[in-house]
Amino acid sequence: MKKMCFLFVLVALCACGNKVGQNTCPQSITAKMSIVDKGTSRWYHSLFWDVETNALATRNRAVVDIDETEELYTQPLKLSLCLRKPLAEATEGEGVLVTLDAPIYTELHRDPSLTTHKRRYTAHVNDDACLSNVWYAEYINGERCSNEHIEFFVTGDTIYSLNYPDIWGFTPEGLTFCFTDKDVKEVSATCRVYYDVYAARRIGMRTDNWAWVCRLASEEIPLEVCKSGCYSLPVIEAMSMSTGDRQALEEMREEAIAGWEEFTGESMGDASYIYDFDSYMVTLNVTYNDGTQREYTHLATAMYFEP
């Protein structure tokens, strides 16, 4: 089994009250989830974990324009951890509602000597289509002291966004992106959110203490797209699932623990559930002035580093 280190990378930014096209207060929602096939787990599809995505990382980096500004972030930049624990469960009709514990936020750039300026990153998808995001750069005494914190990759009509804060484990919840193209009449968008479920005896090195249970995917979630083509990713505060899926989840948890204990020769004890954010898959339906339509996919995904 591989040993994984928690260097996550996608980031949640909450900057309430900013202008359209920047990050606004994210919508908190209950996502209706169901169990999906293990073969789609991030164990096989993380950016650094297989040959195909390694090729993506080295050959499909998007051309990105960077608009540097002197504008400061006026509110603290906060990041939401990928890992969530179930806070409570309740039966609702024919389903089960799992309320997640509150996201654990940490403020970025607590060093008072650092100054954080806004920057707009615009990734070119094809000749005219672009995906942009307002992000940040750090300075000290007027000198740039941070690497670029966001990268984009493009393969066909799929755009990957990856954020690189210099800290661990954050989702893209609340992050705002803008899609633009020539002669666009309208853009509509939906997304699905994916979580990996683990039984964990304690937080630490993943394969030392975690047993992978299954992967959950939400139903399609409609996103509000403004006239400028901007949309924000929602914050997941709870999950609902059928009683059948909830029972299956418990059965798979017991199987996962048994397999882990057989492999390690140790006891996992009273292992708790951990819900680990994987990605948002956004479907962008673009209608042009001449009536033609085109579909793009934006994959906003957390990424792990394997040493």
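Please refer to the structure higher up on the page.
Computed from a predicted model, the values in this text were never measured in an experiment.

Peer 1: Can you walk me through helix α4 (residues 243-264) in this structure?
Peer 2: The α-helix advances 3.6 residues per turn, and as a result positions three or four apart in sequence lie on the same side. With 22 residues, α4 should cover 32 Å at 1.5 Å per step; its first-to-last C-alpha distance of 32 Å lies within 8% of that length. Looking only at α4, the buried set comprises D245, R246, L249, R253, A256, I257 and W260. All buried residues of α4 project into a common sector of 120° when viewed along the axis, lining one side. Facing away from the buried side of α4, by more than 90 degrees, are the exposed residues E255 and E262.

Peer 1: Help me understand unusual backbone geometry in this model?
Peer 2: Leaving glycine aside, a negative phi is the common case for residues, and trans is the common case for peptide bonds. You will see that N141, though not glycine, has its phi angle at about 55°, which is positive. Following the sequence through the fold, N141 ends up in the loop between β9 (130-140) and β10 (143-144). Residue N141 is classed as exposed on the basis of its relative accessible area, which comes to 77%. You will see that D183, though not glycine, has its phi angle at about 60°, which is positive. Its location among the elements puts D183 in the loop between β13 (176-180) and β14 (184-200). Relative accessible area serves as the criterion here: at 47%, D183 is assigned to the partly exposed category.

Peer 1: So what exactly am I meant to see when it comes to the pattern of salt bridges here?
Peer 2: Opposite charge on two side chains lets them pair, provided their charged atoms get close. For the structure shown, the criterion picks out twelve salt bridges. E151 is the salt-bridge partner of R61, the closest N and O atoms lying 2.6 Å from each other. Of this pair, R61 sits in the loop between α2 (51-59) and β2 (63-72) while E151 is found in strand β11 (residues 150-155), placing the two residues 90 residues apart along the sequence. The class for E151 is partly exposed, based on a relative accessible area of 22%. Between E266 and R201 there is a salt bridge; the shortest N-O distance is 2.9 Å. Separated by 65 residues along the polypeptide, E266 in the loop between α4 and β19 (272-288) and R201 in the loop between β14 and α3 (206-209) bring together distant segments of the chain. Overall, the relative accessible area of 28% leaves R201 in the partly exposed class.

Rules used in this analysis
Residues numbered from 1 in each chain as written. Predicted model: local features only at pLDDT ≥ 70, side-chain atom pairs only at ≥ 80, totals over all residues. Heavy atoms only, no water. Helix = DSSP H or I, 4+ residues; strand = E, 2+ residues; numbered from the N terminus. Expected span 1.5 Å × (residues − 1). Buried < 20%, exposed > 50% of the residue type's maximum accessible area, 1.4 Å probe, protein only. Arc of directions from axis to C-beta. Salt bridge = Lys/Arg side-chain N within 4 Å of Asp/Glu carboxyl O.

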